[in-house]
Each structure stands twice: as C-alpha cells, then as structure tokens.
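# Structural characterization, general
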Amino acid sequence: MEPVVLGLIGCGNISDAYLAGAARSQAVTIKACADQQPAVAQAKAQAHDILALSVDDLLADPEIALVVNLTVPDAHVPVGLAVLAAGKHHYSEKPLGTTVAEARRLVEAAARQDRRLGCAPDTFLGGAHQAARRLVDEGAIGRPVGGTVAFMTAGMQGWHPNPDFFFQPGGGPVLDVGPYYVAALVNLFGPVRRVAAIASRAHDTRTIGSGPRAGETVPVAVPTHFNGALEFGNGANVSFIASWDVRRHAHNEIEIYGTEGSLIVPDPNFFGGNPRLSVDGGDWQDQPIDAHPFGAPNFTTGRGKRVANYRMIGVVDMACALRTGRPHRCDAAFALHALEVMEGLHVSAETGRHVAIESRCERPEPVPVGAGEGVFVA
Ligand SMILES: NC(=O)c1ccc[n+]([C@@H]2O[C@H](COP(=O)([O-])OP(=O)(O)OC[C@H]3O[C@@H](n4cnc5c(N)ncnc54)[C@H](O)[C@@H]3O)[C@@H](O)[C@H]2O)c1
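Residues numbered from 1 in each chain as written. Predicted model: local features only at pLDDT ≥ 70, side-chain atom pairs only at ≥ 80, totals over all residues. Heavy atoms only, no water.

## Observations concerning the overall build of the protein chain
In terms of regular secondary structure, the protein chain is built from 10 helices and 19 strands. Computed over its C-alpha atoms, the radius of gyration of the protein chain comes to 20 Å, within 12% of the 21 Å expected for a compact globule of 378 residues. The principal-axis extent of the C-alpha atoms belonging to the protein chain is close to 60 × 50 × 45 Å. Looking at the protein chain as a whole, 54% of its 378 residues qualify as buried. Carbon and sulfur atoms make up 50% of the accessible area of the protein chain, which totals about 16,000 Å². (Helix = DSSP H or I, 4+ residues; strand = E, 2+ residues; numbered from the N terminus. Rg over C-alpha atoms; globule rule 2.2 N^0.38 Å. Buried < 20%, exposed > 50% of the residue type's maximum accessible area, 1.4 Å probe, protein only. Areas by Shrake-Rupley, 256 points an atom, 1.4 Å probe, with all protein chains shown as cover.)

Printed below as a string of structure tokens:
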C-alpha cells in the first residue's frame, strides 16, 4: 500500500509524539510541517528531516492528502475549515472544537467537501482499552450498571512552557483531559444520554513552572474542579471527577461495575496497562493484553516510567481506511458526541440542571487482535 502523504500544522509540544509515530508507520509519510511561528516549523522540520512550509503553501501542495492539525484548541476549527476548503482530509488533536456549534460547522464542511474528518484521542485503540472492550462485550462484568472516573492533578502550569490555553474557554480539565475518559467510556458503553455537574475553581491565576516564561502568571477563566455524572444509553451511570485543583489522591482512573463483576480500566491517557477484573466480589485478577496491538511499552516518560504511547495510530487507522474505503475509528460523530458530553458538563455546572445529550454515535469497531498496524488493513 502506498503511504498516504501528510502535512502537519502546529509544531508545539505534542508534535514530536506524532512525528515519532509517523516514523514507525508504513501507512503514512509526513512531507511537510507548518506553524504560525515560522521559526518553530523550521526547527521541527530540521530535527525530523521534512520540509518547513507556510500554512498556505502546505495547503496548496497537491501531494498532501491529509493534514494533521496539532494547533491549540481554538485554532482547531478555523485551521480545519481551511484544510477542508483546500480539498484535504483533516485529523485534529482534541477537542474537535471548543464548542459544539463550531465543531458542527467543521462536520458540515467535511460532508460538503466529501473529505474525512478525524479527531484524537486515539488512546482507546490501545491494547489496554481494547482488552477492556472485549471483556465488557463478552459479558465479563455482566450488565453494566455504573462506574467512576477520577482524573485529578494540580494542573498543567508546572510543566507546559505555554499553559495559557489550558485555562481559557475551550480549556479546563473537562475539555482538555476529559476527551480521553469520555472516549474510553463511550468505547465501552456506547453513547451518553444525559449529564449533570457541579464545578468550582480554586485559583484565579496559575504560575508557569518551566521554560522561558517560568514565574509568569496566567489568568484562569474556567472552572478547574468538576464533579459530574454521565448517564449512558445502556443504563449505566458513571461518576466523573475531573480536576486541576488536587495535589494528590488515591483513586483508580476508571472503574466500571456490572451485575456480575467490576473492572479497573488503565489510564486512558496511554495505550497500555492491564485491566483488572473482579468476578462476583472475588480478588482482582490482571487481564492479559498481549493479543492486542498498541499496548506494549515503547516510551519512557519524563519521570522514567515505561508506558505505551502510540499517539498517531488514529491517523494511521484513518489513512488505512482511506485506502480500503472502510470507516475510520476516531471519526467526527464520535468526537462530536464526546464534545457535546463535555460541553454539557459545563452547561450543567452553570445552570444547575441536567443536560440531555442529543448527538449519537456508534461504538467504533474493535481493533482486530494481532500485531502492529497490519491489523488495520487485514
Ligand atoms: N502537550 C501535550 O502533552 C498534549 C497531549 C495530548 C494532546 N495535546 C493537544 O495537542 C494540541 C496542541 O498542544 P501542544 O501542547 O502541542 O500546544 P503548543 O502550544 O505547544 O503548540 C501549538 C502550536 O500550534 C501553533 N499554532 C497555533 N495556532 C496556529 C494557527 N492558527 N496556525 C498555525 N499554527 C498555529 C503554535 O504556534 C504552536 O507552535 C492541543 O489541542 C492539546 O490539547 C497536547
């Protein structure tokens, strides 16, 4: 299969993970990158032996079929509309847009242009989450009844050199980190029917902890501690805590409960780890994930922890889908639904009311068992 030729717009913090993922893949090749800061694109291009172009020149390049948009959240839709207008397929980092209304404009433009729209996260394609999906589908926990999400840290200002966007509308823990959790849950349980939340904010400013702007404060314009609840169409309801106001806690990231058993689901920010199953109140048993691709550790974090990081695999799946004509898994309906859930948590916190979720999506097809990206074309 000829690789699909990609262009990358937005050469910041996360772009190295995508460039590393593309380098591992036979299905895609990155030809060029662009950034609104030309020097940033130039440095990235040099480090990865690709071209640095202006955004306009990248969009005008006829060889580039698919653009990966790694800009900040409030540029996802404007850049995406330009990509689609240039006749190219578009895959962006999460969230699909900062509001459901603007994301719908992107979805409509993709339909008009007959181009594909994809969106991160792709972590639910990882071995851990696919193994959990298989267990749920096989009835290992019985009929799903509930669950808990506990994502809590002290925030992004400590490590990110330009954390401003995390604390502006379109940011906050629900829109920034929530996508991983909502995607993991929708992959397991299907779409959400309604949501509710209470939210608060511990600090009005944050102090940047690293990089050239260390010591500078940035304003906080969004709530940073959410206590939410999601009711799924399958009848399960899940507690959803997302916070950047917590120094330490001792909860699992995701637990799900069914009539016959309980499952601890590994961190949805990554691809690996062993789900842990308890049947009928028995001991927790580690569940193997070796049969699934994209679960083996391949990356060492800044803290020296070995994790599975296959970011980009959603783009690879989309590229393979383009070649074979099948649907891609990280698709716009899935991402729009996740965004509506996250926006609904904000709206519920502001209004004090439950919010009905109108959009629906299919659960993405499970990733076949096997090794490597070959599973996407088998
Ligand atoms: N940093 C992470 O660990 C991480 C992890 C997963 C997902 N993400 C997501 O990836 C996206 C980017 O995050 P980041 O941390 O790399 O941000 P960043 O601020 O480090 O980089 C963003 C880059 O996009 C460029 N840019 C912004 N608007 C642009 C525009 N209109 N046209 C061209 N270039 C533009 C900026 O100049 C900057 O170089 C966000 O949506 C974020 O949620 C980040």
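## Some remarks on the packing of helix α5 (residues 100-113) against helix α10 (residues 332-351)
Between α5 and α10, the shortest axis-to-axis distance is 10 Å and the interhelical angle comes to 170°. Comparing their axes, α10 and α5 come out roughly antiparallel. In this structure, α5 uses V100, A103, R104 and V107 to contact α10, whose residues at the interface are A332, L336, L339, E340 and E343. Here the residues of the contact of α5 with α10 sort into 6 nonpolar, no polar and 3 charged. (Axes fitted to C-alpha atoms, helices over the stretch in contact; angles between N-to-C directions. Parallel < 35°, antiparallel > 145°, perpendicular 65-115°, else oblique. Contact = heavy atoms within 4.5 Å. Nonpolar A, V, L, I, M, F, W, Y, C, P; charged D, E, K, R; others polar.)

## Topic: helix α8 (residues 178-189)
Here α8 contains 12 residues, and its C-alpha end-to-end distance of 16 Å stays within 8% of the 16 Å for a straight helix at 1.5 Å per residue. Counting buried positions over the 12 residues of α8 gives 12, a clear majority of the element. Buried residues of α8: G178, P179, Y180, Y181, V182, A183, A184, L185, V186, N187, L188 and F189, and no others. Just past α8, the residue G190 takes up positive phi, approximately 90°. (Expected span 1.5 Å × (residues − 1).)

## Some thoughts on the domain arrangement of the protein chain
Domain annotation of the protein chain identifies domain 1 (4-119) and domain 2 (134-289 + 333-356). For domain 1 and domain 2, the distance between their C-alpha centres works out to 26 Å. Every contact between the two is made by 14 residues of domain 1 and, on the other side, 14 residues of domain 2. Buried area between domain 1 and domain 2, summed over both chains or domains, comes out near 1,200 Å², and the portion from carbon and sulfur atoms is 70%. On the domain 1 side of the interface with domain 2, the three residues burying the most area are N13, K94 and V100, jointly 41% of the side's total. Along the contact surface separating domain 1 from domain 2 lie 1 salt bridge. Across the pair D176 and K94 runs a salt bridge whose closest N-O atoms are separated by 3.1 Å. Where domain 1 touches domain 2, the interface holds 2 residue pairs in polar contact (both at pLDDT 80 or more). Considering every element that reaches the side of domain 1 that touches domain 2, the biggest residue donor is α5, with 4 residues. Partitioning the side of domain 1 that touches domain 2 into residue classes produces 8 nonpolar, 4 polar and 2 charged. (Domains from an automatic or database assignment. Buried area = accessible area lost by both parts, 1.4 Å probe. Salt bridge = Lys/Arg side-chain N within 4 Å of Asp/Glu carboxyl O. Polar contact = N/O pair within 3.5 Å; in protein donor to acceptor, adjacent residues only side chain to side chain.)

## Some words on the site of the ligand
Every one of the 24 residues lining the ligand counts as a neighbour, but N13, I14, D35, K94 and H160 are closest to it. With the chains in place, 87% of the 820 Å² that the ligand exposes on its own is no longer accessible. The dominant element in the shell around the ligand, judged by the number of residues it contributes, is helix α4 (residues 73-85), at 4 residues. When grouped by side-chain class, the residues that make up the shell around the ligand number 11 nonpolar, 8 polar and 5 charged. (Near = heavy atom within 4 Å.)

## Here's the deal with the pairing of strand β4 (residues 66-69)
Burial along β4 is two-sided: L66 and V68 facing one way and V67 and N69 facing the other are all buried. Taken together, the 4 bridges between strand β1 (residues 4-9) and β4 define a ladder with parallel strand orientation. Counted as the bridge partner of G7 is V67 from β4. (Pairing = 2+ DSSP bridges.)

## Quick look at the environment of T259
Along the chain, T259 turns up in the loop between β13 (254-258) and β14 (261-265). Since its relative accessible area comes to 39%, T259 is described here as partly exposed. Sequence separation of T259 and A128 is 131 residues, and the distance between their C-alpha atoms is 22 Å. Non-local contacts of T259, meaning those with residues more than four positions away in its chain, are made with I141, G142, R143 and V145. Of note is the side chain of T259, whose polar atom sits 2.8 Å from the backbone nitrogen of R143.

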